[in-house]
Amino acid sequence: MAAAARSALLNHLRVHVQAVPRNPSYTLSFNAIRRRFLSEEVRGSFLDKSEVTDRVISVVKNFQKVDPSKVSANAHFQNDLGLDSLDAVEIVMALEEEFGFEIPDNEADKINSISLAVDFIASHPQAK
């Protein structure tokens, strides 16, 4: 009985598929794809790296546990600024707020310096 019900159900659910003839007008060339994904509109959606650097440095300088005189574009959160891992998490959260997007936890764990933060944010299309 179950086999008959299964067979009836499978016959009902089967979809007949026909091959679509190739039409050269639908074929995209490599150059068309490249133009689409490397267009000005897409490239223009990323923030300028120098602007990102300035904004990241500003966020870090405004963090209460940081001596602003020690902040540089190459400063490491723990080694140069004396921050612990919880402080680094708080800085990443402040950067998320500054740039208007959420940094995934697996990426946030890797951000332990200003330069890494700048690289990640400057390469992220959702950064504002």
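Going by the structure above, here's the rest.
Below is a short write-up of the structure. Everything numeric in this text was worked out from a predicted model, so none of it was measured.

Let's shift gears to the overall build of the protein chain. The helix and strand tally for the protein chain stands at 7 helices and 0 strands. Counting from the amino terminus, the protein chain carries its helices and strands in the arrangement α-α-α-α-α-α-α. A total of 128 residues make up the protein chain; the buried ones form 28% of that total. In the protein chain, of all internal contacts separated by at least 6 residues, the share reaching a separation of at least 24 is 55%. Carbon and sulfur atoms provide 54% of the accessible area of the protein chain, an area that totals close to 9500 Å².

On inspection of all chains with the given rule, the structure shows 5 salt bridges. The salt bridge partner of Asp119 is Lys49, with a shortest N-O separation of 2.8 Å. Residue Asp119 is found in helix α7 (residues 114-122), and its partner Lys49 is found in helix α4 (residues 49-61); the two are separated by 70 residues along the sequence. Residue classification places Asp119 among the partly exposed positions, given a relative accessible area of 36%.

Let us now look at the environment of Asp48. Along the chain, Asp48 turns up in the loop between α3 (40-43) and α4. Distance in space between the C-alpha atoms of Asp48 and Ala122 is 6.7 Å, their sequence separation being 74 residues. Here Ser50 takes part through its side chain, which lies 2.3 Å from a polar atom of the side chain of Asp48.

Moving on to a nonpolar patch on the surface. Taken together, the side chains of Leu86, Val89 and Met93 define a hydrophobic patch exposed on the protein surface, amounting to about 290 Å² of accessible area. Here Leu86 lies in helix α5 (residues 85-99). The exposed category is assigned to Leu86, whose relative accessible area is 53%.

So, about the side chain of Ser113. With respect to the element layout, Ser113 can be found in the loop between α6 (105-108) and α7. Under the relative-accessibility criterion, Ser113 is labelled buried at 5%. Not counting residues up to four positions away in its chain, the partners in contact with Ser113 are Ala75, His76 and Phe77.

So, how was this worked out
- The residue numbers shown here count from 1 along each chain, following its written sequence.
- A pLDDT threshold of at least 70 governs which residues receive local features in this predicted model, and a stricter bar of 80 or more applies before side-chain atom pairs are shown or counted, although totals over entire chains, interfaces and linings include all residues.
- The basis for every side-chain value is the complete set of heavy atoms in the structure, and neither hydrogens nor water enter the calculation.
- Comment: elements are numbered from the N terminus, with helices defined as DSSP H or I runs of at least four residues and strands as E runs of at least two.
- Residue exposure (1.4 Å probe, protein chains only): buried if accessible area is under 20% of the type maximum, exposed if over 50%, otherwise partly exposed.
- We call two residues in contact whenever any of their non-hydrogen atoms come within 4.5 Å of each other.
- In this description, accessible areas are obtained by the Shrake-Rupley approach with a 1.4 Å probe, and a residue is regarded as covered only by the protein chains that are shown.
- Counted as salt bridges are all cases of a side-chain nitrogen of Lys or Arg within 4 Å of a carboxyl oxygen of Asp or Glu.
- Two N or O atoms count as a polar contact when they lie within 3.5 Å, although within protein this holds only if one can serve as hydrogen donor and the other as acceptor, and sequence-adjacent residues are included solely when both atoms are side-chain atoms.
- Two distance rules govern patches: like charges are joined within 9 Å, and nonpolar side chains (Val, Leu, Ile, Met, Phe, Trp, Tyr) within 5 Å, applied only to residues with over 30% relative accessible area and no salt bridge.

Everything listed here is a matter of geometry and, on its own, says nothing about what the molecule does.
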